[in-house]
Amino acid sequence: MRRFRPEALALLVVGAAGRAAGQARAAKQWPETVPVGEWQLPGRDYGMTRFSPLGQITAANVSGLKPVWSFSTGSIRAHEGSPLVVGGTMYVHTPFPNTVYALDLTRAGAPMLWTYAAPQSPRAPTPLTGCCDVGSRGLAYHPSGKLYVPILSGELAAIDAKTGKEIWRVQNADIKAGATVASAPLVVKDLVIIGVSGADYGVRGYLTAYDANTGRLVWRGYSTGPDTEVLLEGEANSQYASHKGRDLGVTTWSGDSWQHGGATTGGWISYDPDLDLLFYGTDQAGPANPTLRPGDNKWAQTIFARVLATGKVKWAYQIAPHEEWGYGGANENILVDLKMSGTTIKALVHFDRNGFAYTLDRSVGKVLLAEKYGPANWALRIDLGTGLPVRDGRYTTATNARVLGVCPASIGAKYLQPAAFAPPTGLFYVPLNNLCMDMTTAPAVFTLGQPFLGVRIKAATGPGGVRGRFIAWDAATGSIAWEIKESFPVASGALATAGGLVFYGTADGWLKAIDAVAGRELWRFKTPSGIVSAPISFNGPDGRQYIAVLSGMGGWIGLGANGATSDIWSATNPGGVLTVFGL
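Because the structure is predicted, anything quoted here is derived from the model rather than measured. (Residues numbered from 1 in each chain as written. Predicted model: local features only at pLDDT ≥ 70, side-chain atom pairs only at ≥ 80, totals over all residues. Heavy atoms only, no water.)

(A) Local environment of the state of the cysteines. Scanning the entire structure with this criterion turns up 1 disulfide. Note on cysteine connectivity: Cys407 is disulfide-linked to Cys436, with sulfurs 2.0 Å apart. Taking the sign of the S-S torsion, 105° for the link of Cys407 and Cys436, the bridge is right-handed. With Cys407 in the loop between β26 (402-406) and β27 (420-422) and Cys436 in strand β29 (residues 435-441), the pair connects residues that are 29 residues apart, well separated along the chain. Judged by its relative accessible area of 8%, Cys407 is buried. (Disulfide = S-S within 2.5 Å. Helix = DSSP H or I, 4+ residues; strand = E, 2+ residues; numbered from the N terminus. Buried < 20%, exposed > 50% of the residue type's maximum accessible area, 1.4 Å probe, protein only.)

(B) How the structure looks around the environment of Pro273. By the element assignment, Pro273 lies in the loop between β16 (270-272) and β17 (277-281). A residue is classified by how much of its surface remains accessible, and Pro273, at 33% relative accessible area, is partly exposed. It is 32 Å that separates the C-alpha atoms of Pro273 and Ile531, two residues lying 258 residues apart in sequence.

(C) Spotlight on the pairing of strand β10 (residues 155-160). Of all 6 residues that make up β10, 5 are buried, and the element is covered over most of its length. Judged from the 6 bridges that link them, strand β9 (residues 146-151) and β10 form a sheet pairing that is antiparallel. Paired with Ile151 across the bridge in β10 is Glu155. Taking the residues that link successive antiparallel strands as the turn, the β9-β10 hairpin has 3 residues, and the phi of Gly154 there is positive, at about 115°. Judged from the 5 bridges that link them, β10 and strand β11 (residues 166-171) form a sheet pairing that is antiparallel. Paired with Glu155 across the bridge in β11 is Gln171. In textbook terms, the turn of a hairpin is the stretch between consecutive antiparallel strands, and for β10 and β11 this stretch comprises 5 residues, one of which, Gly164, has a positive phi near 80°. (Pairing = 2+ DSSP bridges.)

(D) Up close: the sheet that holds strand β30 (residues 455-461). Pairing in this open sheet of 3 strands is antiparallel, and the strands run β26-β29-β30 from one edge to the other. Lying at the two open borders of the sheet, with one neighbouring strand each, are β26 and β30. On average, each strand axis in the sheet is inclined to that of its neighbour by 15°, with strand direction left out of account. Direction of pairing for β26 relative to β29: antiparallel, over a ladder of 3 bridges. Across the sheet, Val406 pairs through a bridge with Met437, a residue of β29. (Axes fitted to C-alpha atoms, helices over the stretch in contact; angles between N-to-C directions.)

(E) Structural detail: the layout of surface pockets. Here the largest pocket is characterised by a volume of approximately 650 Å³. Lining the largest pocket are 37 residues, and of these Cys131, Cys132, Asp200, Gln284 and Trp556 lie nearest its centre. For the lining of the largest pocket, the class distribution of residues is 18 nonpolar, 12 polar and 7 charged. (1 Å grid on protein atoms, 1.4 Å probe; cavity = no way out; pocket = protein on both sides within 12 Å on 5 of 7 lines; lining within 4 Å. Points joined across faces, edges and corners; volume = space filled by probe spheres on them. Nonpolar A, V, L, I, M, F, W, Y, C, P; charged D, E, K, R; others polar.)

(F) Main features of the side chain of Glu332. The residue Glu332 is located in the loop between β19 (313-318) and β20 (333-340) in this model. The class for Glu332 is buried, based on a relative accessible area of 0%. A distance of 2.9 Å separates polar atoms of two side chains, one belonging to Glu332 and the other to Lys414. With near-sequence residues (within four places) excluded, Glu332 lies in contact with Met48, Trp268, Val349, His350, Phe351, Lys414, Leu416, Gln417, Pro418 and Ala419. (Polar contact = N/O pair within 3.5 Å; in protein donor to acceptor, adjacent residues only side chain to side chain. Contact = heavy atoms within 4.5 Å.)

(G) Main features of the pattern of salt bridges. The final tally for this structure, using the stated rule, is 23 salt bridges. For Arg362, the salt bridge is made with Asp272, and the minimal N-O distance between the two is 2.6 Å. Of this pair, Arg362 sits in the loop between β22 (356-361) and β23 (366-372) while Asp272 sits in strand β16, and the two are 90 residues apart along the sequence. You'll find Arg362 and Asp272 in the same group, each marked buried. Lys346 is the salt-bridge partner of Asp274, the closest N and O atoms lying 3.8 Å from each other. Pair noted here: Asp274 is in the loop between β16 and β17 and Lys346 is in strand β21 (residues 343-351), with a separation of 72 residues, a long-range link. Exposure remark for Asp274: the relative accessible area of 44% places this residue in the partly exposed category. Overlapping salt bridges, with partners in common, bring together Glu486, Lys512, Glu521 and Arg524 in one network. (Salt bridge = Lys/Arg side-chain N within 4 Å of Asp/Glu carboxyl O.)

(H) Fine view of empty space enclosed by the protein. In the structure shown here, the tally under the stated rule is 3 cavities of 30 Å³ or more. Empty space within the largest cavity amounts to approximately 170 Å³. If you trace the largest cavity, you find 18 residues lining it, with Glu80, Tyr415, Gln417, Ala491 and Val532 closest to the centre. Taken as a whole, the second largest cavity holds about 70 Å³ of empty space. Every residue lining the second largest cavity is counted, 13 residues in all, and those nearest its centre are Pro42, Gly81, Ser82, Arg137 and Trp268. Its residues assigned to classes, the lining of the second largest cavity comprises 6 nonpolar, 4 polar and 3 charged.

(I) Quick look at the packing of aromatic side chains. On inspection of all chains with the given rule, the structure shows 28 aromatic pairs. A connected cluster of aromatic rings, assembled from ring pairs, spans Tyr240, Tyr317, Trp325, Tyr327, Phe356, Tyr358 and Trp378. It is Arg204 that lies over the ring of Tyr222; its NZ or CZ is 3.9 Å from the centre. The ring of Phe304 carries Arg306 above its face, with NZ or CZ at 4.8 Å from the centroid. (Phe/Tyr/Trp six-rings, centres within 6.5 Å; stacked < 30°, edge-to-face > 60°. Lys NZ or Arg CZ within 6 Å of the ring centre and 35° of its normal.)

Printed below as a string of structure tokens:
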């Protein structure tokens, strides 16, 4: 952990107080009808801040936090999503074969109310695998009493939240093509929005909106292809010359390679109710070998803003044209109102896998700040005038060549584990990897349903001798307030609370509580398995605040992270367990 001089810590406390007075705050990001003690959305609010306004558990009393009950899911693969809490019920889901459990919080030990076992698609191969295990990142809830369940084999199901009975089920992805459904849906009004995974298989990405009540397809916007299929009218982004032109989703690719160009949408979705816009990122281009896909490869590794009702593109910002190292852009986009240089900005904050943290004006898609938050030697900086990275030529890829010591590794300085934002401090709390890689290009031929890569990657510990970090980030200045070092990559998400605390989990199973201002560890508990999900906070029927987390190692870290975490299973065991903590 970074150490502070007493006078520096005093300045940080003063700065946090100033931010609490209005320098940075969350926008109107959750429905007014949702009680503050519940967790009804994947990130708790539409802006994906993962901030709980509950404050009974504080820095002064967190040392008394104890486990009060637990629940075994019976699954041993990656438990990547968070539970939902609606009224007196908690909904827990598992990796494939996807199962949902409803737990009664009004009774001691929270016994099961019902179980929903997702039907197995006859199209699904056995065993079914995605690029990075068989995890699922979460459920969605509609106020009419429906839950939406992503099914890895390509379907989206709506079930009755009171009984677990299936209401409708639709095919959202073709598993025979390597396309899966692993991301958490987002419900806004009467639409349920869902993405698709499979960039490593050459799946062409898209985002889809379904009618929340009937399952009818309302719109689908593709990541690559002609403007009519991307749902793009006019310029993608008037701020940047590289984003102007017609049908860039075709013309920036060689031939028809855009048809299997990746740019899938397996990450998180945010929504601004004032702008009425959805925000999300697209993953890396296919194939992974960049020498086989000349051109800018739009719109891979891109942040999209789409109009909710129609899916039409309001703006798009491609983070890195012709991305070379597998840095997808599907990480979450956190929406806050941020004060920069005396002006309050409707900001979008994005911690990209490429090692740069971006602060954008989310109204127009303009980059206001982009700074490194970890080792990132592939680029010198981001040119704010053009929006383009200034690459370091020493790490450029070439045909059948080996590039050594690229930082970060393709898993990214940060993967899909979500960060959190705390309005009282104005800081973002970010779980990180600290890995670099050697990368060798190789031939690749597209075959439907087979990996489409053309690279060999060997990852290893990055600078400083540790594989993980957890930081507090100031998105208005592009600076780190404090940092904690971890021996393994931090693959869990973060939770910030009004009690002045930040919670995160470690790959070897520790759930930790950190002082949000000082960055000092205040409490820890060893869960049964490594944590690759994100903790939540909720009020029980007794009015008391609780913390809950799903442990269950797996995912990219559990599969070895290209050799960088092959020792993880000497530090933890498999198996999904929900643990709930209270004072």
